[in-house]
Amino acid sequence: MATTALGGNPCETVGELPAVGASAPAFSLIGSDFSEVTLPEGSRTVLNIFPSVDTGVCAASVKRFNELAASLDDTSVICVSADLPFAQARFCGAEGIEAVTAASAFRSDFGDAYGVRLLDGKFEGLLARAVVVVDRDGSVLHSQLVPEIGQEPDYDAAVSALS
């Protein structure tokens, strides 16, 4: 288990993020249009993982990765939360989010496979805030579990891992 915090209160996750150099676990998520979203083969991928698009920091991370995605060559960005696809579609439509893929873990073991499902606290059952960067060969280049859920991830470190 790993520990993050929400409002200064410690929260445990179901496991650990995949380590740098490890193979990223395969997954099947549900896109905002209910299509299947999987880890792309032969492409670099940034996984922006967070509790819900209906919180300010989560919304900010989706918007920031949407901006960054335009300058990331041969890289897809998947924004993963436990939100229902309806909520993700509403948010992306209202905010003009088009450069990233929104994906729901609501009927997936993604949270367990990536070690980010929260086991306790107010957000129990949702996903912790984390970023995982995956290379073309499926190996993890960077992973960060944000120490405080109310804190944005280190965007620069995620982008630097792609260099």
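Quick notes on the rules
Residues numbered from 1 in each chain as written. Predicted model: local features only at pLDDT ≥ 70, side-chain atom pairs only at ≥ 80, totals over all residues. Heavy atoms only, no water. Helix = DSSP H or I, 4+ residues; strand = E, 2+ residues; numbered from the N terminus. Contact = heavy atoms within 4.5 Å. Phe/Tyr/Trp six-rings, centres within 6.5 Å; stacked < 30°, edge-to-face > 60°. Buried < 20%, exposed > 50% of the residue type's maximum accessible area, 1.4 Å probe, protein only. 1 Å grid on protein atoms, 1.4 Å probe; cavity = no way out; pocket = protein on both sides within 12 Å on 5 of 7 lines; lining within 4 Å. Points joined across faces, edges and corners; volume = space filled by probe spheres on them. Nonpolar A, V, L, I, M, F, W, Y, C, P; charged D, E, K, R; others polar. Pairing = 2+ DSSP bridges. Axes fitted to C-alpha atoms, helices over the stretch in contact; angles between N-to-C directions.

Visitor: How would you summarise the side chain of His142 if you had to cite specific residues and measurements?
Guide: Tracing the chain through its elements places His142 in strand β9 (residues 140-145). Sequence-distant contacts of His142, that is, excluding residues within four places in its chain, are made with Val20, Val131, Val132, Val133, Ala157, Ala158 and Ala161.

Visitor: Can you explain the packing of aromatic side chains? Please cite residues and give values.
Guide: In the structure shown here, the tally under the stated rule is 5 aromatic pairs. The interplanar angle of 55° and the centroid separation of 5.3 Å between the aromatic rings of Phe34 and Phe86 together place this pair among those described as tilted. With Phe34 in the loop between β3 (28-31) and β4 (36-38) and Phe86 in helix α2 (residues 85-95), the pair connects residues that are 52 residues apart, well separated along the chain. Look at Phe34 and you get partly exposed, because its relative accessible area is 38%. With 4.5 Å between their ring centres and 20° between their planes, Phe110 and Tyr114 make a pair best called stacked.

Visitor: Which residues make up the layout of surface pockets, and what values do they have?
Guide: To find leftover empty space, one rolls a probe the size of a water molecule over the atoms. Roughly 170 Å³ of volume is contained in the largest pocket. Forming the walls of the largest pocket are 16 residues, and the residues nearest its centre are Ala24, Leu39, Pro40, Glu41 and Gly138. Classifying every residue of the lining of the largest pocket by side-chain character gives 7 nonpolar, 5 polar and 4 charged.

Visitor: Tell me about the sheet that holds β9, residues and numbers included.
Guide: A sheet is described by the order of its strands in space; here 7 strands give the open sequence β4-β3-β7-β6-β5-β8-β9, paired in mixed fashion. Since the sheet does not close on itself, it has two edges, and those belong to β4 and β9, each with one partner. Between one strand and the next, the sheet's axes are offset by a mean angle of 30°, whatever the strand orientation. With 6 bridges joining them, strand β5 (residues 44-49) and strand β6 (residues 75-81) adopt parallel strand pairing. By the bridge assignment for β6, Ile49 is matched with Val80.

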